[in-house]
Amino acid sequence: MSLNPKRTIAELKELRALTGDENGAQRVAFSKTWLTARDWLAKKLAALPVEIHNDAAGNTWTTLRGRSERALLIGGHMDSVPNGGWLDGALNVLAGVEILRRIHDDYTGPPPVTVRLVDWADEEGARFGKSLFGSSACSGHLDLDEARTLRDKEGKLLPDVLKEIGVDFGRVKESSKELKNAAAYLELHIEQGPVLLDMDLPLGAVLGTFGVERHAITFHGQAAHSGSTPMNRRKDAFLAAAKMSLEIYPIAARHGGVCTIGSCTTKPGIVTSVVEDCRITLDQRHLDAAALAGMLADAREAADRFAHEGNVRVSWERLWQIEPILFDPVLIGFCDDAIGETCGKSHRLPSGPLHDAAEVARAGVPTAMMFVQSLHGISHNKIEDTREEHLERCVEAFDRLAEKTMQWIEG
Ligand SMILES: [Zn+2]
């Protein structure tokens, strides 16, 4: 076996020194530093007999041709948020590089199937506020009308910035042809949450990404003087909203999902008036579509009940919604097996954040993800970290997953 996980860690440190500073990783998509990171990556890959090109959306594809055109895809992203962590995205790519090296060394001549590493463009969406640009262009789900109007802080339009790196906005969806022979997609990622840390497990198999229901709920009461209005005569919009804040905990517990009230604004919002209007936002997430719908129905029922009790009205506005995206059961099984062979115990968990893998799965390619434990459970922060022994284990286990998947594609 020529796999060398220690080399992956050394390369991650090399990348950190080249593209980070005292505040963390600075590989924001389309920036000079991001291009530096991509050039550095291309030099690493040049030692292999691979073909490298950028697709119509600016994603970089590195192809190790096999005896079959059917391809195993391994993905990650070199871009980071400003002041980001050293592992988010880059770990996935550099583990992929190591696996390409191992496959090239292991097989005399071409491997049984084609193996392709993709570095997705602008996974984070840090500059234009919209994540998964490259992978959603590739999957066909990118909303072109919305993307065309996105501006950065300096007022520059996304299409103009894409032009600077040689990408024609009108053609970004032509990226989808890269998926033509895709037989499976694998992505390794740092967990970005505390689940594996709390269970004291290095690795986990990801079941899919949460579906999300995001709504604004406004209770409408009546403004009234705080001194002259008896307690039993009030139409207090805040009281109904406050009851909602307690109710989301049993709702989440009943269905096994998560619910968050992330913002609350009151009108008139002065110390001497009963609240006339109270607007809260509710974010609900679940891996199971029926359970997500159940959580939403329960929240609607509770809001009606609290409005009725408090003699106020309630109105709802949907802010955003996405269905749960489930990964492939066969590949999840391989992922469990690979983890078991490497560390003894695996754990299956959903992903709260969306990832490029969700876009590839939506495009119909069998997909799986592996998570490695995140120290502190924190990401998008310079303190993001993973124990070195866990980094080594994840490269090893991810390589086993890649090998099992190659054999499955071949068979
Ligand atoms: Zn990421």
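Residues numbered from 1 in each chain as written. Predicted model: local features only at pLDDT ≥ 70, side-chain atom pairs only at ≥ 80, totals over all residues. Heavy atoms only, no water.

## A word on the overall build of the protein
Tallying secondary structure elements over the protein gives 12 helices and 15 strands in all. Relative to the compact-globule value of 22 Å for 411 residues, the protein shows a C-alpha radius of gyration of 24 Å, a close match. Dimensions of the protein, computed from the C-alpha atoms along their principal axes, are close to 85 × 50 × 40 Å. Sorting the 411 residues of the protein into buried and exposed places 54% on the buried side. Restricting to contacts in the protein with at least 6 residues of sequence separation, those with at least 24 account for 79%. Roughly 17800 Å² of accessible area belongs to the protein as shown, and the carbon and sulfur atoms make up 50% of that amount. With 47 positive and 59 negative side-chain charges, the protein shows a separation of 3 Å between the mean positions of the two kinds. (Helix = DSSP H or I, 4+ residues; strand = E, 2+ residues; numbered from the N terminus. Rg over C-alpha atoms; globule rule 2.2 N^0.38 Å. Buried < 20%, exposed > 50% of the residue type's maximum accessible area, 1.4 Å probe, protein only. Contact = heavy atoms within 4.5 Å. Areas by Shrake-Rupley, 256 points an atom, 1.4 Å probe, with all protein chains shown as cover. Lys, Arg positive; Asp, Glu negative; His and termini not counted. Charge placed at Lys NZ, Arg CZ, Asp CG, Glu CD.)

## Regarding the coordination of the zinc ion
The protein atoms donating to the zinc ion are H77 (NE2), D88 (OD) and H189 (NE2), with metal-donor distances spanning 2.0 to 2.2 Å. Donor residues for the zinc ion sit on one chain with the sequence pattern H-x10-D-x100-H. In this pair, H77 sits in the loop between β5 (68-76) and α3 (90-106) while H189 sits in strand β7 (residues 182-190), placing the two residues 112 residues apart along the sequence. Comparing H77 with H189 shows no difference in burial state: the two are buried. (Donors = N, O, S within 2.8 Å, 3.2 Å for Na, K, Ca; no water.)

## Focus on the environment of E323
Here E323 shows up in the loop between β12 (313-322) and β13 (325-326). In sequence terms E323 and N311 are 12 residues apart; their C-alpha atoms lie 34 Å from each other. Leaving out residues up to four positions away in the same chain, E323 has contacts with F210, G211 and R362.

## Section: the pattern of salt bridges
Inspection of every chain in the model, using the stated rule, returns 31 salt bridges. When the shortest N-O distance is used, the salt bridge between E410 and R67 registers 3.7 Å. Placement of the pair is E410 in helix α12 (residues 388-410) and R67 in the loop between β4 (60-64) and β5, with a sequence separation of 343 residues. E410 gets classed as partly exposed once you look at its relative accessible area, which sits at 45%. D283 serves as the salt-bridge partner of R214, at 2.9 Å between the closest nitrogen and oxygen. Residue R214 is located in strand β9 (residues 211-220), and its partner D283 is located in strand β11 (residues 277-286); the two are separated by 69 residues in the primary sequence. Sharing partners across several salt bridges, the network here consists of R7, E11, E14, K44, E98 and R101. (Salt bridge = Lys/Arg side-chain N within 4 Å of Asp/Glu carboxyl O.)

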